[in-house]
Amino acid sequence: MDEWVVWLKNQYTARCRWWKNREIRLFWEPDIDNSTVAVVMDEIYKLCQTIGISFNLIPYGSHRSAMLQMQSVVRGGQIDYNKLFTMAHGEDWRNENIGGREHGDIFISSRHLLNDTVSFGVASHQNGCILLSLHGNTQYHHPLVRRLARHEATHLLGLMVHCDKFPVNGYGEHHRWCNMHYQLPSGETCPKCMAFMRHFWRHHRI
Ligand SMILES: [Zn+2]
Ligand SMILES: [Zn+2]
């Protein structure tokens, strides 16, 4: 089993150890409902529990500094997530040399991703960031928000590819129902993807 884990691990060049304090901060724009945030947090706690890791999720709400970060990367009403993630990764709040504390960031917005009006989210393990793009009435569709939160959190926590992109001996064909497909077919993570997550945290992200 180790060979596929090594292959996946080589896909990353960790830019920081954002996970070392086991802390993830959540920020959302004023038009995102608290009930939506609660669903996101609940699903991520469940995912962590299943993987066997523990993260402290801290809801900061529409904190001014995060709102400024988000607004500064809006282009024509859409969010440039590459810029947002680079900014969050390099922010003083994470810099332990000047009194900050390493952590991951989750941003929730009702805006579209830049040049992408179909996707509902994007995540980066390297930068320790998620941006949920809950456009239209998406935020009120809680079952979808739950699937999405699990999907992006799985990316954030290390699995940067989708289920069909890493065949593994012993796991047969990929499961079409796995949450780690682009179309979010279900809220369940298949045994192969979950085995990767457990292995990843046990051996590579201690
Ligand atoms: Zn899978
Ligand atoms: Zn994905």
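Residues numbered from 1 in each chain as written. Chains lettered and ligands numbered in written order. Predicted model: local features only at pLDDT ≥ 70, side-chain atom pairs only at ≥ 80, totals over all residues.

Q: Break down the overall build of the protein chain for me, citing the residues and quoting the values.
A: If you tally the helices and strands in the protein chain, you get six helices and seven strands. Since a compact globule built from 206 residues should have a radius of gyration of about 17 Å, the 16 Å found for the protein chain is in line with a globular shape. Its C-alpha atoms give the protein chain principal-axis dimensions of roughly 50 × 40 × 30 Å. By the burial criterion, 36% of the 206 residues in the protein chain qualify as buried. Pairs at least 24 apart in sequence give 68% of the contacts found in the protein chain among residues at least 6 apart. (Helix = DSSP H or I, 4+ residues; strand = E, 2+ residues; numbered from the N terminus. Rg over C-alpha atoms; globule rule 2.2 N^0.38 Å. Buried ≥ 20, exposed ≤ 12 C-beta atoms within 10 Å, placed from the backbone. Contact = placed C-beta atoms within 7 Å.)

Q: I'd like a rundown of the sheet that holds strand S1 (residues 23–28), residues and numbers included.
A: The mixed open sheet is built from five strands, whose spatial order is S2-S1-S5-S7-S6. Edge strands, defined here as strands with exactly one partner in the open sheet, are strand S2 (56–61) and strand S6 (121–124). Pairwise comparison of adjacent strand axes, ignoring direction, gives a mean angle of 15° for this sheet. As paired strands, strand S5 (residues 104–109) and strand S7 (residues 129–133) are joined by five bridges and run parallel to one another. For Ile-108, the partnering residue across the bridge sits in S7 and is Leu-132. (Pairing = 2+ DSSP bridges. Axes fitted to C-alpha atoms, helices over the stretch in contact; angles between N-to-C directions.)

Q: Can you explain the environment of His-155? Please cite residues and give values.
A: Looking at the element boundaries, His-155 is found in helix H5 (residues 142–156). Once the C-alpha coordinates of His-155 and Met-194 are considered, the two residues, 39 residues apart in sequence, prove to be 12 Å apart. Not counting residues within four places of it along the chain, the set of residues in contact with His-155 comprises Ala-123, His-125 and Met-160.

Q: Any details on helix H4 (residues 81–90)? Residues and values, ideally.
A: For H4, the full list of buried residues reads Tyr-81, Leu-84, Phe-85 and Ala-88. In a view along the axis of H4, the buried residues occupy a sector of 95°, so they form one face of it. Looking at the buried side of H4, the elements it contacts are helix H3 (64–72), strand S4 (78–79), S5, S6 and S7. (Arc of directions from axis to C-beta.)

Q: How would you sum up the nonpolar core? Please name residues and give values.
A: Nonpolar side chains in soluble globular proteins generally cluster together in the buried interior. By size, the foremost hydrophobic cluster in this structure holds 46 residues, and its most contacted members are Phe-107, Ile-108, Ile-130 and Leu-131. Element by element, the count of residues in this core is highest for helix H2 (residues 34–51), at seven residues. (Core = buried A, V, L, I, M, F, W, Y, C linked by C-beta atoms within 7 Å.)

Q: I'd like a rundown of unusual backbone geometry, residues and numbers included.
A: The backbone of Arg-22 shows a phi angle near 55°, a positive value even though the residue is not glycine. Within the secondary structure, Arg-22 is located in the loop between helix H1 (2–9) and S1. Backbone geometry places Asn-115, a non-glycine residue, at a positive phi of 60°. Its location among the elements puts Asn-115 in the loop between S5 and S6.

Q: Give me the lowdown on the pairing of S2, citing residues and values where you can.
A: Two elements, S1 and S2, share five bridges in a ladder whose sense is parallel. Pairing of Leu-26 across the sheet is with Pro-59, part of S2. Note that the unit made of S1, H2 and S2 has a crossover that is right-handed. (Right-handed = clockwise from strand over helix to strand, strands pointing away.)

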